[in-house]
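# Survey of secondary and tertiary structure
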Amino acid sequence: MKDIPVYKFPASYAWEHDELAAYRASNKANMACKEAIEAAIRDHYHNNCLGSGAVKQAIEQFGYDRVFYVLANTVRQKDWDDRFCLDNKAWAKTIPVFEDLDAWGADHNRYFVVNSHSCLTDLFLSLAREAHAREQQKASVRDKLKKHPKVTLPKISAKSKEQER
(Lines give C-alpha, C1' and ligand atoms only; values in the text may rest on other atoms or scores of the structure.)
Protein backbone atom coordinates (compact mmCIF):
# COMPACT_ATOMS: atom_id res chain seq x y z
CA MET A 1 0.00 0.00 0.00
CA LYS A 2 2.96 2.28 0.60
CA ASP A 3 3.80 2.23 -3.12
CA ILE A 4 0.42 3.49 -4.30
CA PRO A 5 0.62 7.26 -4.82
CA VAL A 6 -1.98 9.50 -3.20
CA TYR A 7 -4.44 10.65 -5.87
CA LYS A 8 -5.61 14.05 -4.70
CA PHE A 9 -8.10 14.95 -7.42
CA PRO A 10 -11.85 14.16 -7.54
CA ALA A 11 -13.41 11.38 -9.61
CA SER A 12 -14.61 13.84 -12.24
CA TYR A 13 -11.01 14.89 -12.89
CA ALA A 14 -9.88 11.25 -13.01
CA TRP A 15 -12.66 10.48 -15.51
CA GLU A 16 -11.73 13.39 -17.77
CA HIS A 17 -8.03 12.52 -17.72
CA ASP A 18 -8.44 8.74 -18.04
CA GLU A 19 -6.98 8.12 -14.57
CA LEU A 20 -9.82 6.18 -12.96
CA ALA A 21 -7.60 3.20 -12.13
CA ALA A 22 -5.21 5.42 -10.15
CA TYR A 23 -8.16 7.16 -8.46
CA ARG A 24 -9.77 3.86 -7.41
CA ALA A 25 -6.48 2.36 -6.17
CA SER A 26 -5.77 5.48 -4.13
CA ASN A 27 -9.28 5.49 -2.63
CA LYS A 28 -8.93 1.83 -1.61
CA ALA A 29 -5.57 2.65 0.00
CA ASN A 30 -7.12 5.67 1.75
CA MET A 31 -9.87 3.49 3.24
CA ALA A 32 -7.34 0.86 4.31
CA CYS A 33 -5.20 3.59 5.87
CA LYS A 34 -8.21 4.94 7.78
CA GLU A 35 -8.83 1.45 9.16
CA ALA A 36 -5.14 1.05 10.03
CA ILE A 37 -5.14 4.35 11.94
CA GLU A 38 -8.25 3.29 13.86
CA ALA A 39 -6.60 -0.07 14.64
CA ALA A 40 -3.35 1.62 15.71
CA ILE A 41 -5.24 3.92 18.07
CA ARG A 42 -7.21 0.97 19.43
CA ASP A 43 -4.09 -1.18 19.89
CA HIS A 44 -1.91 1.47 21.54
CA TYR A 45 -4.36 3.31 23.80
CA HIS A 46 -3.85 2.08 27.37
CA ASN A 47 -4.25 3.76 30.76
CA ASN A 48 -5.37 7.04 29.21
CA CYS A 49 -2.19 7.24 27.11
CA LEU A 50 -1.65 6.80 23.40
CA GLY A 51 1.66 5.06 22.82
CA SER A 52 4.02 6.40 20.17
CA GLY A 53 3.99 2.96 18.57
CA ALA A 54 0.57 3.81 17.13
CA VAL A 55 2.05 6.31 14.70
CA LYS A 56 4.90 3.97 13.77
CA GLN A 57 2.43 1.17 13.04
CA ALA A 58 0.45 3.27 10.56
CA ILE A 59 3.45 4.99 8.97
CA GLU A 60 5.23 1.69 8.28
CA GLN A 61 2.20 0.45 6.35
CA PHE A 62 1.23 3.59 4.43
CA GLY A 63 3.91 6.26 4.74
CA TYR A 64 3.54 9.85 5.85
CA ASP A 65 1.90 11.14 2.65
CA ARG A 66 -1.16 8.92 2.84
CA VAL A 67 -1.49 9.05 6.64
CA PHE A 68 -1.35 12.85 6.55
CA TYR A 69 -3.82 12.97 3.65
CA VAL A 70 -6.33 10.79 5.52
CA LEU A 71 -5.87 12.75 8.75
CA ALA A 72 -6.20 16.12 6.97
CA ASN A 73 -9.40 14.89 5.33
CA THR A 74 -10.69 13.73 8.73
CA VAL A 75 -10.04 17.07 10.39
CA ARG A 76 -11.58 18.96 7.47
CA GLN A 77 -14.68 16.76 7.40
CA LYS A 78 -15.07 17.28 11.17
CA ASP A 79 -14.39 21.01 11.09
CA TRP A 80 -17.31 21.53 13.48
CA ASP A 81 -15.60 19.37 16.15
CA ASP A 82 -13.80 21.60 18.66
CA ARG A 83 -11.95 18.63 20.12
CA PHE A 84 -9.37 19.04 17.35
CA CYS A 85 -6.80 21.64 18.37
CA LEU A 86 -6.59 24.86 16.37
CA ASP A 87 -3.02 24.07 15.31
CA ASN A 88 -4.09 20.77 13.73
CA LYS A 89 -7.11 22.43 12.09
CA ALA A 90 -4.84 25.09 10.57
CA TRP A 91 -2.39 22.39 9.43
CA ALA A 92 -5.20 20.38 7.80
CA LYS A 93 -6.12 23.38 5.66
CA THR A 94 -2.59 23.40 4.20
CA ILE A 95 -3.06 19.89 2.76
CA PRO A 96 -4.92 19.97 -0.57
CA VAL A 97 -8.02 17.77 -0.31
CA PHE A 98 -10.48 18.37 -3.15
CA GLU A 99 -14.19 17.96 -2.62
CA ASP A 100 -15.23 14.76 -4.40
CA LEU A 101 -19.01 14.88 -4.90
CA ASP A 102 -21.04 12.07 -6.40
CA ALA A 103 -24.21 12.51 -8.52
CA TRP A 104 -26.33 13.02 -5.39
CA GLY A 105 -24.04 15.62 -3.84
CA ALA A 106 -22.45 13.36 -1.22
CA ASP A 107 -18.70 13.62 -0.70
CA HIS A 108 -16.70 10.46 -1.51
CA ASN A 109 -14.07 11.62 0.99
CA ARG A 110 -16.42 10.69 3.83
CA TYR A 111 -15.42 7.05 3.29
CA PHE A 112 -11.95 7.64 4.69
CA VAL A 113 -12.73 9.74 7.76
CA VAL A 114 -11.15 8.26 10.89
CA ASN A 115 -13.98 7.32 13.27
CA SER A 116 -11.94 7.00 16.46
CA HIS A 117 -12.65 9.42 19.29
CA SER A 118 -11.79 12.93 18.10
CA CYS A 119 -9.44 13.62 21.01
CA LEU A 120 -7.47 10.45 20.28
CA THR A 121 -7.40 11.22 16.56
CA ASP A 122 -6.14 14.71 17.34
CA LEU A 123 -3.44 13.28 19.61
CA PHE A 124 -2.47 10.75 16.94
CA LEU A 125 -2.15 13.57 14.40
CA SER A 126 0.00 15.64 16.77
CA LEU A 127 2.27 12.65 17.43
CA ALA A 128 2.55 11.94 13.69
CA ARG A 129 3.46 15.55 12.95
CA GLU A 130 6.11 15.51 15.69
CA ALA A 131 7.58 12.23 14.40
CA HIS A 132 7.70 13.62 10.87
CA ALA A 133 9.43 16.80 12.06
CA ARG A 134 12.04 14.71 13.92
CA GLU A 135 12.69 12.63 10.79
CA GLN A 136 13.04 15.76 8.67
CA GLN A 137 15.51 17.19 11.18
CA LYS A 138 17.54 13.97 11.19
CA ALA A 139 17.59 13.96 7.41
CA SER A 140 18.84 17.55 7.25
CA VAL A 141 21.63 16.78 9.73
CA ARG A 142 22.62 13.73 7.65
CA ASP A 143 22.70 15.89 4.53
CA LYS A 144 24.96 18.39 6.24
CA LEU A 145 27.30 15.61 7.35
CA LYS A 146 27.39 14.08 3.87
CA LYS A 147 28.50 17.35 2.32
CA HIS A 148 32.24 17.66 2.15
CA PRO A 149 33.56 20.54 4.18
CA LYS A 150 35.27 23.29 2.24
CA VAL A 151 39.01 23.15 2.54
CA THR A 152 40.27 26.50 3.64
CA LEU A 153 43.86 27.51 3.93
CA PRO A 154 44.95 29.18 7.12
CA LYS A 155 45.01 32.92 6.88
CA ILE A 156 48.37 34.57 7.20
CA SER A 157 48.27 37.53 9.48
CA ALA A 158 50.17 40.75 8.84
CA LYS A 159 52.35 40.15 11.90
CA SER A 160 53.67 36.85 10.58
CA LYS A 161 54.79 38.55 7.32
CA GLU A 162 57.08 40.96 9.19
CA GLN A 163 60.65 39.96 9.93
CA GLU A 164 61.50 39.03 13.42
CA ARG A 165 63.95 41.34 15.29
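Residues numbered from 1 in each chain as written. Predicted model: local features only at pLDDT ≥ 70, side-chain atom pairs only at ≥ 80, totals over all residues. Heavy atoms only, no water.

## Here's the deal with the overall build of the chain
From N to C terminus, the chain includes six helices and two strands. Moving toward the C terminus, one meets the helices and strands of the chain in the order α-α-β-β-α-α-α-α. When each of the 165 residues of the chain is scored for burial, the buried share is 36%. For the chain, the exposed area adds up to about 11500 Å²; of that, 54% sits on carbon and sulfur atoms. (Helix = DSSP H or I, 4+ residues; strand = E, 2+ residues; numbered from the N terminus. Buried < 20%, exposed > 50% of the residue type's maximum accessible area, 1.4 Å probe, protein only. Areas by Shrake-Rupley, 256 points an atom, 1.4 Å probe, with all protein chains shown as cover.)

## Some remarks on the packing of aromatic side chains
One pass over the structure, following the stated rule, counts seven aromatic pairs. Judged by centre distance (5.9 Å) and plane angle (75 degrees), the ring pair of Y7 and F9 falls under edge-to-face. The class of Y7 is buried, set by a relative accessible area of 11%. The partly exposed category is assigned to F9, whose relative accessible area is 36%. Through a chain of ring-to-ring contacts, three or more aromatic side chains come together here, namely Y7, F9, Y13, Y23 and F98. (Phe/Tyr/Trp six-rings, centres within 6.5 Å; stacked < 30°, edge-to-face > 60°.)

## Details of helix α3 (residues 53-77)
Here α3 is 25 residues long, yet its end C-alpha atoms lie only 26 Å apart, well below the 36 Å a rise of 1.5 Å per residue gives. Along α3, the sharpest kink reaches roughly 110 degrees, centred on G63. (Expected span 1.5 Å × (residues − 1). Bend = angle between axes of the 7 residues up to and from the residue.)

## With respect to unusual backbone geometry
Of note in the backbone geometry, D18 takes a positive phi value of approximately 55 degrees without being a glycine. Mapped onto the secondary structure, D18 falls in the loop between α1 (11-16) and α2 (20-44). Unlike most non-glycine residues, N48 shows phi in positive territory, near 60 degrees. One can find N48 in the loop between β1 (45-46) and β2 (49-50). Classification of N48 by relative accessible area gives exposed; the value is 67%.

## Observations regarding the confidence of the model for the chain
Summarising the model, the chain shows a mean pLDDT of 88, and 87% of its residues fall at 70 or more. Across the chain, helix α4 (residues 86-92) holds the top mean pLDDT of 97, while helix α6 (residues 158-161) sits lowest at 58. (pLDDT = per-residue confidence, 0-100.)

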